[in-house]
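# Fold and geometry: a report
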Amino acid sequence: MKRWLIAVTAVVALGAGAAFVATRGDGSAPSYRLVTVERGKIDAVVSATGTLSAVTTVQVGTQVSGLISKLFVDFNDKVKKGQVIAQLDTTLLESSARDAEASLERSDADVAQTKRDLDRITALYAQGISAVADFNTAQYNYDVARASLKSAEAALARARQNIAYATIAAPVDGIVVERDVDVGQTVAASLSAPKLFVIANDLSEMQILASVDESDIGQIKEGQTVRFTVKTYPDRTFTGTVKQVRLQSTIDQNIVNYTVVISVANPDGKLLPGMTATVEFIVATADNALKVANAALRFRPPDALLAEARARMQKEFAARHAAAEAGGGAAGAERDGPPGGGQGIGTGFPGGGMNRAAANGNGSNGSRPQPSMLYYLKDGNLEMMPVRPGITDGQFTEVRGPLVEEGMQVIAGMTQAAQATSANPFQQQGERHGPPGGF
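The shown structure was predicted, so the numbers you read here are calculated from the model rather than taken from an experiment.

## Quick notes on the overall build of the protein
When helices and strands are counted, the protein shows eight helices and 19 strands. For the protein, the proportion of its 439 residues judged to be buried stands at 36%. Entry remark: accessible area of the protein is about 24600 Å², with carbon and sulfur atoms responsible for 52%.

In structure tokens form, the structure reads like this:
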């Protein structure tokens, strides 16, 4: 009787297991989201933001105080070097110049008078009539008058120069990007030169001052290619070149940043000063590389499906290993074996075998890129293949491996319902959600 009960129990258990497998193979089979392995160019980038500005920007001020009487240019006007752009009222300056001219005439008269006195005293002193003290006094008065004359000449020259300063001229060729004064406004230049205009030298050549985090600054070098976008033209990508990596750092909210100067050509004038640029520094490039969406490298199937895929891979590679030994010996097995380490699977991946953790895509192999797993469908079954990831642009990653091919479909995800259906009902809860096991 006991033997019969044991037999019935075994039949029921086998029937339940068969129902589980059949369910996975019927209409309730797991639903996967597939992506294609593509071939093309991929760039590894460092992202940052910056502000566009003119390469040379000149602030135009005034060295004299006065009232703005005339303005000859406005915003966005193009100017030439030496062109008059503003005029200050010169009434007080001209009065100062006339006063300086009067002082000069007075000093000139003093020199003439002291010269006559000196000549007369010198003659009397030669005859012994005049005292030595009188002669020395006359000589002194003449020397002081001559010094006063030079001072008056300098004062007159300064007054005339101040009148010239009242006429504001453009110091460089360029375009007026800022005007800070209006007609009738008084400007005072007692302590510093007030700013009247800002002139950008040449907007056909601009620059971006980008702020780069200290964790990325080591990858930025002079001469690197840069691409960027601005909000005004979201569908257009502009290019530039790293011109300078400044050593002076800034700290913003406890984050250390460095300023990178990017040279930008602007022949069509679309880029304007002050625009915010979203910058990507191209730090590495791979041409004609196989690449796959990052979601495919992050995908991990449920444990039950993973165990089955691993078993099939071990079986296939074991067959290859046996065939290689029969055809070319151990060397052929080493060359053609699968990219897996240990347990008789071989070391066929470039650079040596993988340990168990690496085969699951989460191992460590020093500083070298660690192998990851891609999953694909073959004859309706989930299969796995190891690949070595290369550079990434944030959306796609370069992949290399003996099995990966252009155009093949790999799995990037599966529906939540499929994950629940594919779970083994006889498996413990902790085992079902645990990490994929080793080979």
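There's more to say after this.
## Remarks on the sheet that holds strand β6 (residues 84-88)
A sheet is described by the order of its strands in space; here four strands give the open sequence β7-β6-β4-β9, paired in antiparallel fashion. Two strands lie at the open edges of the sheet, namely β7 (167-169) and β9 (186-187), each paired on one side alone. Bridge count between β6 and β7: three bridges; the pairing is antiparallel. The residue bridging Val-84 from the neighbouring strand is Ala-169, located in β7.

## What to know about the sheet that holds strand β8 (residues 174-179)
Ordered in space as β3-β10-β8-β5, the four strands form an open sheet in which the pairing is antiparallel. Two strands bound the open sheet, and with one partner strand each, they are β3 (57-61) and β5 (78-79).

## Some points on the environment of Val-283
Inspection of the secondary structure puts Val-283 in strand β15 (residues 276-293). Val-283 has contacts with Ala-44, Val-45, Val-46, Gln-219, Ile-220 and Gln-224, leaving out every residue within four places of it along the chain.

## Some words on the nonpolar core
Counting residues in hydrophobic clusters, the biggest one holds 26 residues, and the most contacted among them are Ile-208, Phe-228, Ile-262 and Phe-281. Residues Val-60, Ile-68, Leu-93 and Ala-170 belong to the second largest nonpolar core, which totals 18 residues.

## What about the pairing of strand β17 (residues 381-392)?
Note that strand β16 (residues 372-378) and β17 share seven bridges and pair antiparallel. For Ser-372, the partnering residue across the bridge sits in β17 and is Val-387. As consecutive antiparallel partners, β16 and β17 are separated by two residues, and within that stretch Asp-379 has a phi angle of approximately 55°, a positive value. Inspection of the sheet shows β17 paired to strand β18 (residues 396-400) by three bridges, in the antiparallel sense. For Thr-392, the partnering residue across the bridge sits in β18 and is Thr-397. Hairpin connection of β17 to β18: three residues between the antiparallel strands, including Gly-394 at a positive phi of 100°.

## Some words on the confidence of the model for the protein
Per-chain confidence: the protein averages 81 in pLDDT, with 78% of residues scoring 70 or above. Note that pLDDT drops below 50 for residues 1-27; the model gives that stretch 16 contacts with residues more than four away or on any other chain. Segment residues 421-439: pLDDT under 50, and 40 contacts once partners within four positions in sequence are set aside and those in other chains are kept.

## Things to note about the pattern of salt bridges
In this structure the tally under the stated criterion is 11 salt bridges. Asp-180 is the partner of Lys-195 in a salt bridge, and the nearest nitrogen-oxygen pair spans 3.6 Å. Highlighted residues: Lys-195 in strand β10 (residues 195-200) and Asp-180 in the loop between β8 and β9, separated in sequence by 15 residues. The exposure class assigned to Lys-195 is partly exposed, which follows from its relative accessible area of 31%. It is possible to trace a salt-bridge network through shared partners that takes in Asp-43, Arg-227 and Glu-280.

## As for the packing of helix α2 (residues 91-126) against helix α3 (residues 132-165)
Their axes nearest at 7 Å, the elements α2 and α3 cross at an angle of 160°. In terms of their interaxial angle, α2 and α3 are classed as roughly antiparallel. Crossing handedness for the pair α2 and α3: left-handed. Of the residues contributing to the contact of α2 with α3, the split by class is 19 nonpolar, nine polar and 10 charged.

Cut-off values and rules
- Numbers given to residues run from 1 along each chain, matching the order in which its sequence is written.
- Only residues with pLDDT of at least 70 are given local features in this predicted model, and only at 80 or more are side-chain atom pairs given and counted; all residues enter the totals for whole chains, interfaces and linings.
- Values shown for side chains rest on all heavy atoms present in the structure; no hydrogens or waters enter the calculation.
- Runs of E in the DSSP output that reach at least two residues are strands. Runs of H or I that reach at least four are helices, and both are numbered from the N terminus.
- Exposed residues in this analysis have more than 50% of their type's maximum accessible area, buried residues have under 20%, and partly exposed residues fall in between, with area computed by a 1.4 Å probe over protein chains only.
- Here the Shrake-Rupley method, with its probe set to 1.4 Å, supplies the accessible areas, and only the displayed protein chains count as covering residues.
- At least two DSSP bridges between two strands are needed for those strands to be called paired.
- Throughout, a residue-residue contact means that at least one pair of heavy atoms, one from each residue, lies within 4.5 Å.
- The definition of a nonpolar core used throughout is a set of buried Ala, Val, Leu, Ile, Met, Phe, Trp, Tyr and Cys residues joined through side-chain atoms within 4.5 Å.
- Values of pLDDT, which run from 0 to 100, indicate the predictor's confidence residue by residue.
- Each reported salt bridge corresponds to a side-chain nitrogen of Lys or Arg within 4 Å of a carboxyl oxygen of Asp or Glu.
- Helix axes are fitted to C-alpha atoms over the stretch in contact, other axes to C-alpha atoms as well, and angles between N-to-C directions run from 0 to 180 degrees.
- Each angle is binned into one of four classes, with values under 35 degrees roughly parallel, values over 145 roughly antiparallel, values of 65 to 115 roughly perpendicular, and all other values oblique.
- Note on convention: near helix rotated counterclockwise from far helix by under a right angle means a left-handed crossing. Clockwise means right-handed.
- We call Asp, Glu, Lys and Arg charged. Ala, Val, Leu, Ile, Met, Phe, Trp, Tyr, Cys and Pro are nonpolar, and the rest, Gly among them, are polar.

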